[in-house]
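Residue-level structure breakdown
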Amino acid sequence: MDQWVLFVNYRIDEKTQKLCKKSQQIRQNQISHTGGAKSLDRRRAEMMAKGIDIDRGKMWTETHKRKDGSYVTEAARDIGISILLIYDYSSSYLIRFLVMIT
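Within each chain, residues carry numbers counting from 1 in the order of the written sequence. Only residues with pLDDT of 70 or above have their local features reported here, since the model is predicted, and side-chain atom pairs are shown and tallied only from 80 upward, although totals for entire chains, interfaces and linings are computed over all residues. Heavy atoms from the whole structure form the basis of all side-chain values; hydrogens and water molecules are not counted.

In this section: the packing of helix α1 (residues 3-12) against helix α2 (residues 14-28). Packing of α1 against α2 leaves a shortest axis separation of 5 Å and a crossing angle of 65°. If you check the angle between α1 and α2, you find them roughly perpendicular. Residues Tyr10, Arg11 and Ile12 of α1 pack against Glu14, Thr16, Gln17 and Cys20 of α2. For this classification, the nonpolar set comprises Ala, Val, Leu, Ile, Met, Phe, Trp, Tyr, Cys and Pro, the charged set comprises Asp, Glu, Lys and Arg, and every other residue, Gly included, is treated as polar. The class makeup of the residues in the contact of α1 with α2 is 3 nonpolar, 2 polar and 2 charged. Whenever a helix is involved, its axis is fitted only over the stretch in contact; in every case the axis is a line through C-alpha atoms, and angles between N-to-C directions fall within 0 to 180 degrees. Starting at the N terminus, helices and strands are each numbered in turn, a helix being any DSSP run of H or I of at least four residues and a strand any DSSP run of E of at least two. Orientation labels follow simple angle bins: below 35 degrees gives roughly parallel, above 145 gives roughly antiparallel, 65 to 115 gives roughly perpendicular, and whatever is left gives oblique. Contacts were defined at the residue level, with two residues in contact if any of their heavy atoms lie within 4.5 Å.

Here helix α3 (residues 40-49) crosses helix α4 (residues 56-63) at 105°, and the two axes come no closer than 11 Å. By the criterion of interaxial angle, the relationship of α3 to α4 is roughly perpendicular. Only Met59, Glu62 and Thr63 of α4 make contact with α3, whose side of the interface consists of Leu40, Arg43, Arg44 and Met47. Its residues placed into classes, the contact of α3 with α4 shows 3 nonpolar, 1 polar and 3 charged.

Spelled out as structure tokens, the structure:
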């Protein structure tokens, strides 16, 4: 059989249609990032060389913001705010703990 005929038969198959629809929905729910081709390890090393203490939350925030400081999507902004709230809660908890033990 001709390859084109095989391709068309594959694309019109009901199983393929369901798979394509599912993949489309998954792609729509993804959050884009601004990391580019640079690996996270390389970005982390560069930030540490600049004296910036880095962890997973800061790395996530760094790779989901544009150069102007805005988040790439509203979903990314919501997650970024959640990360900041976790840091704020963690630091206030640590401060209360240190005050309590001294």
